[in-house]
Amino acid sequence: MGSKNRYLILIILSFHAVMNAQEASDYKYIDSLTYAYYNSRDWNKLIEVGQDAIAEGIDYKYLRQRLGYAFFSKGDYFEARSQFEKALPFDNYNSFSLEYLYYSNLYTGKEEYTGVFSGRLNPELRKKLSISPFKPLESIELEYNFKFAVTAHRSNPQYYRFGINTKLGYRLSLYQSFSNYKQAIMIQQIGTNKNTSVKQPEYYALLKWNASSHLMLKTAYHFINTTSESSLTNGNLLLFAIAPDFNRFSLETYVSVLSIGKDLIYQAGVRTGYVFPGRINFSLTGTVSRLFQQNNSRFIYTQKAGLKVSKRAWIEGNVTFGRMAGYNDYNGLYVYNTFDPMTFRTGATMIYYLGKNIALWANYSYERKENFENSSFHYNQFSYLGGIKWKL
């Protein structure tokens, strides 16, 4: 019996030795083959061999780095980001993985998620990219909006906005915005008309914390001061949002409360987005919001579709359905509390990048407005907006 057990043990040990030798042989073969494809810049074959190897259980730092660089070279920055993230656990401070992970986040529009590892970039690269834990003035932006109201009882509204971004740490940033809205209104009353001029200076602050490489927490405050010849109304909005990121798929949920005059408006919503594979980065983003005010509630839905039309240009179309009285958008940056509520909006935005530090954008929108004095009467409004952002 003892002799049989010894033979069995010898067979098992021999089998394990053969298997280990086979695994070592497979590893060396994959390593040499992917390295050869890497040097010859044969990205398609490198990706094919590398992905097959990972499916067979072969996984190590250099394989992930080569795959990441292959996808990066082909312009698939989302997959490159995924591969470099998987290379990091093998060596958390590897400069090659960190550098291309940073660029992959940058080229996928997810720069704000880089705070978790920015401090691990080598000092020369941080200096080259102007990355520091504290920058009192990281960027400034200007925006102007002119609207043409197709009615004799409303002047053409105008809106100005100035914004600055401050970096408070690798993971923490503060954005502040100062804006002003103005419009002249003729209120139609029985037997007479009343003219009034509405002015609305505003202050907005957004604090963002990079909780992890795939999780952003946000809180925002928006102050509104609405004045006319006969009244003054203050508004205060508070918003909380959580934005987990799943590479090509993005998700954000938020809640806000707006206290304006005698009204208290609660808003909650979910925003989802997906970037399809391909060099044009075609994306779809949908937002469902619900507003609660006194004893009623209503839904508002926004759909966006965007794509890259050139190396420097991005275009996006959008449409919004729902009565937008007291509605806020873009993490509370824009609050739609105008005299005549909007019931429908559609338009297009183009963003053009002048080098690495300057971005220009222009937007055209068609808006359907509900008359304040008579809700059964609607009129059209056309919006023209332009802006510039300068990263310092």
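Residues numbered from 1 in each chain as written. Predicted model: local features only at pLDDT ≥ 70, side-chain atom pairs only at ≥ 80, totals over all residues. Heavy atoms only, no water.

Here we come to the overall build of the chain. Counting secondary structure elements, the chain contains 7 helices and 16 strands. If you line up the chain on its principal axes, its C-alpha atoms span 115 × 50 × 35 Å. Split into buried and exposed, the 392 residues of the chain put 43% on the buried side. Carbon and sulfur atoms provide 60% of the accessible area of the chain, an area that totals close to 20700 Å². Positive and negative side-chain charges in the chain, numbering 44 and 30 respectively, have mean positions lying 3 Å apart. (Helix = DSSP H or I, 4+ residues; strand = E, 2+ residues; numbered from the N terminus. Buried < 20%, exposed > 50% of the residue type's maximum accessible area, 1.4 Å probe, protein only. Areas by Shrake-Rupley, 256 points an atom, 1.4 Å probe, with all protein chains shown as cover. Lys, Arg positive; Asp, Glu negative; His and termini not counted. Charge placed at Lys NZ, Arg CZ, Asp CG, Glu CD.)

Once that is clear, we can look at the packing of aromatic side chains. The relative placement of two aromatic rings is captured by the distance of their centres and the angle of their planes. Scanning all chains against the criterion turns up 30 aromatic pairs. Between tyrosine 159 and tyrosine 334 the ring centres are 6.3 Å apart and the planes differ by 55 degrees, which places this aromatic pair in the tilted class. Placement of the pair is tyrosine 159 in strand 2 (residues 158-167) and tyrosine 334 in strand 13 (residues 334-336), with a sequence separation of 175 residues. Classification of tyrosine 334 by relative accessible area gives buried; the value is 18%. (Phe/Tyr/Trp six-rings, centres within 6.5 Å; stacked < 30°, edge-to-face > 60°.)

It is worth spelling out the side chain of asparagine 318 at this point. Topologically, asparagine 318 is positioned in strand 11 (residues 313-321). Discounting residues that sit within four places of it in the chain, asparagine 318 has contacts with Gln303, Lys304, Arg345, Thr346, Gly347, Ala348, Thr349 and Asn363. (Contact = heavy atoms within 4.5 Å.)

Below, the discussion takes up unusual backbone geometry. The backbone phi angle of arginine 41 is positive, close to 60 degrees, even though this residue is not glycine. Relative to the helices and strands, arginine 41 resides in the loop between helix 1 (2-40) and helix 2 (43-55). On the basis of relative accessible area, arginine 41 is assigned to the exposed category, the value being 52%. The backbone phi angle of glutamine 294 is positive, close to 55 degrees, even though this residue is not glycine. Residue placement: glutamine 294 occurs in the loop between strand 9 (283-293) and strand 10 (296-308). On the accessibility criterion, glutamine 294 (66% relative accessible area) is exposed.

Attention now moves to the pattern of salt bridges. As enumerated under the stated definition, the model contains 18 salt bridges in all. Here arginine 81 and glutamate 85 are joined by a salt bridge, their closest N and O atoms 3.9 Å apart. Linking arginine 81 with glutamate 85, this pair stays in helix 4 (residues 77-87), spanning 4 residues, or about one helical turn. Using a relative accessible area of 0% as the deciding quantity, one classes arginine 81 as buried. (Salt bridge = Lys/Arg side-chain N within 4 Å of Asp/Glu carboxyl O.)

As a further point, take a nonpolar patch on the surface. On the surface, Leu142, Phe162, Phe178, Tyr352, Leu354, Leu360 and Ile388 cluster together into a nonpolar patch covering about 580 Å² of accessible area. For phenylalanine 162, the position within the fold is in strand 2. Residue classification places phenylalanine 162 among the partly exposed positions, given a relative accessible area of 33%. (Patch = residues over 30% accessible without salt bridge, like charges linked within 9 Å, V, L, I, M, F, W, Y side chains within 5 Å.)

Over its 13 residues, helix 3 (residues 61-73) runs 18 Å from end to end, which matches the ideal 18 Å to within 8%, given 1.5 Å per residue. With 11 of 13 residues buried, helix 3 lies mostly within the body of the structure. Every buried residue of helix 3 is listed here: Lys61, Leu63, Arg64, Gln65, Arg66, Leu67, Gly68, Tyr69, Ala70, Phe71 and Phe72. Looking one or two residues past helix 3, glycine 75 carries a phi angle of roughly 85 degrees, positive in sign. (Expected span 1.5 Å × (residues − 1).)

Of the strand pairs in this sheet, strand 10 and strand 11 are connected by 8 bridges, and their pairing is antiparallel. Bridge pairing in strand 11 links lysine 304 to asparagine 318. Between the end of strand 10 and the start of strand 11, which pair antiparallel, lie 4 residues. With 9 bridges joining them, strand 11 and strand 14 (residues 342-354) adopt antiparallel strand pairing. Within strand 14, the residue paired with threonine 320 across the bridge is arginine 345. (Pairing = 2+ DSSP bridges.)

This part takes up the nonpolar core. Formed by 28 residues in total, the largest nonpolar core has its most connected members in Ile30, Leu46, Leu63, Leu67, Phe84, Tyr102 and Leu121. If you list the elements that add at least two residues to this core, you get helix 1, helix 2, helix 3, helix 4 and helix 5 (95-107). The dominant element in this core, judged by the number of residues it contributes, is helix 3, at 6 residues. Every residue in contact with tyrosine 102, bar those within four places of it in the chain, is listed here: Glu111, Thr114, Phe117, Leu121, Leu129 and Ile131. (Core = buried A, V, L, I, M, F, W, Y, C linked by side-chain atoms within 4.5 Å.)

Evaluation of the coordinates by the stated rule reveals 2 cavities of 30 Å³ or more. Elements with a contribution of two residues or more to the lining of the largest cavity: strand 8 (263-275), strand 9 and strand 12 (327-329). For the lining of the largest cavity, the element with the most residues is strand 12, which contributes 3 residues. When its volume is computed, the second largest cavity comes out at roughly 30 Å³. Forming the walls of the second largest cavity are Pro157, Tyr181, Gln183, Thr338, Phe339, Asp340, Lys369, Tyr379 and Gln381. (1 Å grid on protein atoms, 1.4 Å probe; cavity = no way out; pocket = protein on both sides within 12 Å on 5 of 7 lines; lining within 4 Å. Points joined across faces, edges and corners; volume = space filled by probe spheres on them.)

Looking now at the packing of helix 2 against helix 3. Look at helix 2 against helix 3: their axes get within 9 Å of each other, and the N-to-C directions meet at 140 degrees. Between helix 2 and helix 3, the angle falls in the class oblique. For the pair helix 2 and helix 3, the sense of crossing is left-handed. Residues Trp43, Leu46, Ile47, Gly50, Gln51, Ala53 and Ile54 of helix 2 form the contact with helix 3, whose own contacting residues are Leu63, Arg64, Arg66, Leu67, Tyr69, Ala70, Phe71 and Ser73. (Axes fitted to C-alpha atoms, helices over the stretch in contact; angles between N-to-C directions. Parallel < 35°, antiparallel > 145°, perpendicular 65-115°, else oblique. Left-handed = near helix turned anticlockwise from the far one by under 90°.)

It is worth stressing that arrangement in space is one thing and function is another; only the former is reported here.
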